[in-house]
Amino acid sequence: MTPKIDTTITTGAVLVRGWVLGKKAPVKKLQVLFQGETLLKTGVNLRRPAIAQQYPDISAAGRSGFEFSLAVM
């Protein structure tokens, strides 16, 4: 959901928001990697009512959201 495609940020922080669904099991955590190094780990548990409506057969869809910010240097 954020950032939008082709967004350029040169200083400060970037807010990353979105959702994720697992193929075989609910996603519990999201890991962000850069060049093989873990930048952060965050939980996947924010409410996403629109995703629950779009995927009513997936019980975890309503809590499939995540949000974090990354510093840009």
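Everything below is about the structure shown above.
Residues numbered from 1 in each chain as written. Predicted model: local features only at pLDDT ≥ 70, side-chain atom pairs only at ≥ 80, totals over all residues. Heavy atoms only, no water.

Focus: the overall build of the protein chain
Here is step 1 of the chain: For the protein chain, the count of helices and strands is 1 helix and 4 strands.
Here is step 2 of the chain: Going from N to C terminus, the protein chain has its helices and strands arranged as β-β-β-α-β.
Here is step 3 of the chain: In terms of overall dimensions, the protein chain has C-alpha extents of about 40 × 25 × 15 Å along its principal axes.
Here is step 4 of the chain: Residues classed as buried in the protein chain amount to 19% of the 73 residues present.
Here is step 5 of the chain: When contacts within the protein chain are restricted to residue pairs at least 6 apart in sequence, those whose partners lie at least 24 apart make up 50%. (Helix = DSSP H or I, 4+ residues; strand = E, 2+ residues; numbered from the N terminus. Buried < 20%, exposed > 50% of the residue type's maximum accessible area, 1.4 Å probe, protein only. Contact = heavy atoms within 4.5 Å.)

Quick word on the nonpolar core
Here is step 1 of the chain: With 7 residues, the main nonpolar core is built from Val-14, Val-16, Val-32, Leu-40, Val-44, Phe-66 and Phe-68.
Here is step 2 of the chain: Put simply, the parts of the chain that give this core at least two residues each are strand E1 (12–19) and strand E4 (65–72). (Core = buried A, V, L, I, M, F, W, Y, C linked by side-chain atoms within 4.5 Å.)

Here we look at the environment of Arg-48
Here is step 1 of the chain: As for its placement among the helices and strands, Arg-48 is situated in the loop between strand E3 (37–43) and helix H1 (49–54).
Here is step 2 of the chain: C-alpha of Arg-48 to C-alpha of Lys-28: the two residues are 20 residues apart in sequence and 14 Å apart in space.
Here is step 3 of the chain: Excluding residues that lie within four positions of it along the chain, Arg-48 makes contacts with Met-1, Arg-17, Gly-18, Trp-19, Ala-61, Gly-62, Ser-64, Gly-65 and Phe-66.

A few points about the packing of aromatic side chains
Here is step 1 of the chain: Under the defined criterion, the tally for this structure stands at 2 aromatic pairs.
Here is step 2 of the chain: Ring centres of Trp-19 and Tyr-55 lie 5.9 Å apart, and the angle between their planes is 50°; this geometry places the pair in the tilted category. Within this pair, whereas Trp-19 is found in strand E1, its partner Tyr-55 is found in the loop between H1 and E4, the two being separated by 36 residues in sequence.
Here is step 3 of the chain: Note on Trp-19: relative accessible area 32%, which makes it partly exposed. (Phe/Tyr/Trp six-rings, centres within 6.5 Å; stacked < 30°, edge-to-face > 60°.)

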